[in-house]
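For reference, the chains in residue letters:
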Amino acid sequence: MPTIDDFVRPAEWVSEFVSDMGRAIRTWGQDRYMPIRQQIDEDWQEHALVKPLLKEVLVDFGINSAFFPAEAGGMDMPEVMTIANVFCEELARIDSGFAVACICSVWGLMPMILPEHRNMELCMEFGPKFCGDELYLGCHAMTEPSGGADVENFGRIQGRTIQTTATLDGDEWVINGHKIWPSNSGYAGNLYVVVCTTEKGSSDPNDFALILVPADSKGVAVGNPYHKCGMSADVNTDIWFDHVRVPKRYRIHGPGDDLKYWKRAISMGNIGSAAMCVGIMKNVYEIIKGWTTERVVAGKPLKEHSLVAGMLSEVAMHIESTSAWMWMYTREIDHPELYGWEPWDERFVLKTRGLALFASNAVERACSRAMDHMGSYGYAREYDIEKHWRDQKVIGLWMGGKGLKTLENARYWYDLETL
């Protein structure tokens, strides 16, 4: 009988070692996370349950250290997006909020730690912290109160609305500004990767800056965790920077290159978002498959009724189509030697927006359709469909929202000039 392992995951592209890592995370999730998954939704303020689980995944399983260079204590794993997808998928099957917290620990650091644009000085300074025996969390601080998705809309807004400033004063950057919604913010994060501008109102790519700010730096203040619809395992707060001073070397690259390599991280975020959608849908598939097999109506299992079978088919098609698209773009970004463009090519940002949009629509539909056929049971917390239904919604809202995703995908395919 088919299982979630029968959906698209090309064996010739995903090594047995990476698949084994995914299976280990799945087993860990079944044993350690699933039994308290509903309790974690109530732990959104203190995160007392989440913190030790983050340590087990990020430190003990090595997700934090996976992409750092070996010289800094990392595993320096190849085919970065392939591995990240397996992590995203398996963790989101357990809890997509927890998946976000885990992956965002290193997401903002991608411009610094990945080959072709690795900053070895910063890797050697912070690698031992991320690759050590204690939990050390990263946080990518992008969004601002006044701009929202404008930060991600670089093709048209070009950074003009970024309000968080970085001013060079001798050998130090002085950071001032206000960020909202970053994952692992507040008391959770240890190191912020902050999107700044060196000249407020500038559209010059050279003024776009990625600067590391340790969370315990003088002048950093954080708010209380947001009480959200879902994704309770991920801490989001406000962060304020009031004349925060950090060394000049904490700028990840420099003029032009910060933006250039940040685009790779954004493309990875689009693909990783799709992988999370796949992970959620796979658990929805498991839940609805079990429900419609065990529940008997009119003398036969619910799944044997044509109306229900149509819904089950739709859920499976959403998983299969999203998986296939996701793995194709993963292959392209991991193997520039085959496809002829670099992973930080802006075209990747534009085309992967379409994947992220498709995936967020698919997971929303899959959760809703499963809930429709479970009736009030699907709305009850006991079966976790309602949890996935709540959690998945923000995937379509983050990183620019559905509007920006739609426009940027159209920009790529139709050469839009004014939108």
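This text gives an overview of the structure that appears in the document. A quick note: this is a predicted structure, and the numbers were derived from the prediction, not measured.

How each quantity is defined
- Residues numbered from 1 in each chain as written.
- Predicted model: local features only at pLDDT ≥ 70, side-chain atom pairs only at ≥ 80, totals over all residues.
- Heavy atoms only, no water.
- 1 Å grid on protein atoms, 1.4 Å probe; cavity = no way out; pocket = protein on both sides within 12 Å on 5 of 7 lines; lining within 4 Å.
- Points joined across faces, edges and corners; volume = space filled by probe spheres on them.
- Helix = DSSP H or I, 4+ residues; strand = E, 2+ residues; numbered from the N terminus.
- Nonpolar A, V, L, I, M, F, W, Y, C, P; charged D, E, K, R; others polar.
- Salt bridge = Lys/Arg side-chain N within 4 Å of Asp/Glu carboxyl O.
- Buried < 20%, exposed > 50% of the residue type's maximum accessible area, 1.4 Å probe, protein only.
- Axes fitted to C-alpha atoms, helices over the stretch in contact; angles between N-to-C directions.
- Parallel < 35°, antiparallel > 145°, perpendicular 65-115°, else oblique.
- Left-handed = near helix turned anticlockwise from the far one by under 90°.
- Contact = heavy atoms within 4.5 Å.
- Lys, Arg positive; Asp, Glu negative; His and termini not counted.
- Polar contact = N/O pair within 3.5 Å; in protein donor to acceptor, adjacent residues only side chain to side chain.

Some words on the layout of surface pockets
- Taken as a whole, the largest pocket holds about 800 Å³ of empty space.
- Surrounding the largest pocket, 42 residues form its lining, V100, W181, S183, W398 and M399 being those nearest its centre.
- Every element with two or more residues in the lining of the largest pocket is listed here: α4 (80-94), α5 (96-107), α8 (257-294) and α13 (385-392).
- Tallied by class, the residues present in the lining of the largest pocket amount to 25 nonpolar, 11 polar and 6 charged.

Focus: empty space enclosed by the protein
- Following the criterion strictly, the structure yields 4 cavities of 30 Å³ or more and no others.
- Of the pockets and cavities examined, the largest cavity occupies roughly 80 Å³.
- Lining the largest cavity are E152, F154, G155, L259, W262, K263, I266, E346, V349, R353 and E408.
- At the level of elements, α8 and α11 (346-374) are the ones that each hand at least two residues to the lining of the largest cavity.
- Examining the composition of the lining of the largest cavity, we find that 4 residues originate from one element, α8, more than from any other.
- Each residue belonging to the lining of the largest cavity can be placed in one class, and the counts come to 5 nonpolar, 1 polar and 5 charged.

Focus on the pattern of salt bridges
- Evaluation of the coordinates by the stated rule reveals 36 salt bridges.
- Across the salt bridge formed by E346 and K263, the nearest N and O atoms sit 2.9 Å from each other. Of this pair, E346 sits in helix α11 while K263 sits in helix α8, and the two are 83 residues apart along the sequence.
- According to the relative accessible area criterion, E346 is partly exposed, its value standing at 33%.
- For K263, a relative accessible area of 16% translates into the label buried.
- Ionic pairing is found between K387 and D391, a salt bridge with its closest N-O pair at 2.8 Å. Residue K387 and its partner D391 are both found in helix α13; the two are separated by 4 residues, about one turn of the helix.

Overview of the packing of α5 against α8
- α8 packs onto α5 with a crossing angle of 160 degrees between their chain directions and a minimal axis gap of 11 Å. By the angle between their axes, α5 is roughly antiparallel relative to α8. Crossing geometry of α5 relative to α8 is assigned as right-handed. On the side of α5, the interface is formed by S96, A99, V100, I103 and W107, while α8 contributes A265, I266, G269, M276 and I280.
- By residue class, the composition of the contact of α5 with α8 is 8 nonpolar, 2 polar and no charged.

Here we look at the side chain of D43
- The residue D43 is located in the loop between α2 (37-41) and α3 (50-60) in this model.
- Of the buried charged residues, D43 lacks a salt bridge, with K51 as the closest side chain of opposite charge at 8.2 Å.
- A distance of 2.8 Å separates a polar atom in the side chain of D43 from the backbone nitrogen of L49.
- Apart from residues no more than four positions distant in its own chain, D43 is found in contact with A48, L49 and V50.

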